[in-house]
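Summary of the model geometry
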Amino acid sequence: MQRDFQERVQAAVASARNHGASTPRVGLILGSGLSDLVDQLLPAETGRLAIPYGEIEGFGVTSVIGHRGALYVTPDVAVMAGRFHFYEGKPIDDVVLPVATLCALGIRALIVTNAAGGINPDYQPGDLVLIRDHINLMGTNPLIGPKDPESVARFPDMTEAYSATLRRTALDLDAQLKEGVYVAFTGPTYETPAEIRMLGAVGGDLVGMSTVPEVIVARSYGVEVLGISTVTNLAAGLSGKPLDHSEVVEVGSSIQGRMTTLLSGLLKRLGS
Ligand code: HPA
């Protein structure tokens, strides 16, 4: 984080408040193929406000297909429909500015969703997996730089980056959820089969290109995190066919019903 990061967060918070955001209790980040869920989770009748990222100071515009690019707010809930990725070529501060903004708006819990490749042989495309822990192989950390004055510590503890309590709550709502360790690479290439064999050997169950920077920042603010991955494909080399982003978006979309039920249950419990 650069020295001006907190000023940027405060400017983004001020823009969001000018557009009508208040102090939501829970934040949700919708990943690849999941942006449209916001219409079921916060239907227009709830009086939700939709703020395009381009209207929030410093956010910029997302470039990835399947990511809508707007912040939706009600008095209790803030939903990011679409996120920024390091592979888009943005500085890491830009990638984590939205999540820091949610934290600064006052959320106490953050739900992060993503699309991931399945490494664990028990996983099938279409599975939903609770993230139990992560391995950061992005080669960077968003907290590198001067200590952010809003962050709880210079060296935030990551022992329980993903809240065990929130995972129990999720399992209460959907007993079929699996659990696993998420490994983050920068992308934008998918991994090689050799990399996937390595990740399996070191305890990785899922692989993706997002989430970890957001979770690090949320934990640095003391916000509790729940991570949910959609297994959109078997990781490279495990299925015998090449990987394709359109398949990732399609499988992400195909589990919308189950994901909507789970997320709306979670938002009800955490948003009140
Ligand atoms: N690798 C990395 N990121 C991904 C994958 C994958 O196999 N699937 C969806 N996002």
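We now turn to the structure provided with this report.

Here is what the cut-offs are and how they apply
Residues numbered from 1 in each chain as written. Predicted model: local features only at pLDDT ≥ 70, side-chain atom pairs only at ≥ 80, totals over all residues. Heavy atoms only, no water. Core = buried A, V, L, I, M, F, W, Y, C linked by side-chain atoms within 4.5 Å. Buried < 20%, exposed > 50% of the residue type's maximum accessible area, 1.4 Å probe, protein only. Contact = heavy atoms within 4.5 Å. Near = heavy atom within 4 Å. Polar contact = N/O pair within 3.5 Å; in protein donor to acceptor, adjacent residues only side chain to side chain. Helix = DSSP H or I, 4+ residues; strand = E, 2+ residues; numbered from the N terminus. Nonpolar A, V, L, I, M, F, W, Y, C, P; charged D, E, K, R; others polar. Pairing = 2+ DSSP bridges. 1 Å grid on protein atoms, 1.4 Å probe; cavity = no way out; pocket = protein on both sides within 12 Å on 5 of 7 lines; lining within 4 Å. Points joined across faces, edges and corners; volume = space filled by probe spheres on them.

Bringing the nonpolar core into the picture now. Core analysis: the largest hydrophobic core is formed by 49 residues, its most contacted members being Phe5, Leu71, Leu102, Leu110, Leu206, Val217 and Tyr221. Dropping the residues within four chain positions of it, Leu102 is found in contact with Gly27, Leu71, Ala78, Met80, Ile107 and Leu110. Core analysis: the second largest hydrophobic core is formed by 29 residues, Leu28, Leu34, Leu41 and Leu128 among them.

Neighbouring the ligand are Ala115, Ala116, Gly117, Tyr190, Glu191, Val207, Gly208, Met209, Thr232, Asn233, Leu243 and Val248. One nitrogen or oxygen atom from the main chain of Ala115 is found 3.3 Å from a nitrogen atom belonging to the ligand. Contacts to the ligand include Gly117, whose backbone N or O atom sits 3.3 Å from a nitrogen atom. For the shell around the ligand, the elements supplying multiple residues, two or more each, are strand E5 (109-118), strand E8 (206-208) and strand E9 (224-234). A total of three residues in the shell around the ligand trace back to one element, the largest contributor, which is E5. Here the shell around the ligand is composed, by residue class, of seven nonpolar, four polar and one charged.

In this section: the pairing of E9. Of all the eleven residues making up E9, nine are buried; the element is thus mostly covered by neighbouring parts of the structure. Of the pairings in the sheet, the one linking E5 to E9 comprises ten bridges and is parallel in character. Directly across from Asn114, in E9, lies its bridge partner Ser229.

Here the largest pocket defines a volume of roughly 290 Å³. Around the largest pocket sit 20 residues that line it, and Ala115, Tyr190, Met209, His245 and Val248 are the ones nearest its centre. Secondary structure elements with two or more residues in the lining of the largest pocket: E5, E8, E9 and helix H7 (245-254). When residues in the lining of the largest pocket are grouped by element, the largest group, four residues, is from E5. As a volume, the second largest pocket reaches approximately 170 Å³. The wall of the second largest pocket is formed by Leu41, Leu42, Thr46, Thr74, Asp76, Val77, Ser264, Leu267, Lys268, Gly271 and Ser272. For the lining of the second largest pocket, the element with the most residues is helix H8 (residues 256-270), which contributes three residues.

Right, let's talk about empty space enclosed by the protein for a bit. Evaluation of the coordinates by the stated rule reveals two cavities of 30 Å³ or more. In this structure, the largest cavity occupies an estimated 40 Å³ of space. Together, Met1, Leu143, Pro146, Lys147, Asp148, Ser151, Ala153 and Arg154 line the largest cavity. Quantified by volume, the second largest cavity comes out at close to 30 Å³.

Before going further, it helps to spend a moment on the pairing of strand E3 (residues 70-73). Every second residue of E3 is oriented toward a common face, with Ala70 and Tyr72 on one face and Leu71 and Val73 on the other, all of them buried. Here strand E2 (residues 49-52) pairs with E3 via four bridges, running antiparallel. Bridging across to E3, Ile51 finds its partner in Leu71. Pairing analysis gives four bridges linking E3 to strand E4 (residues 77-81), with the strands arranged antiparallel. Pairing of Leu71 across the sheet is with Met80, part of E4. Counting the residues between successive antiparallel strands, the hairpin from E3 to E4 contains three residues.

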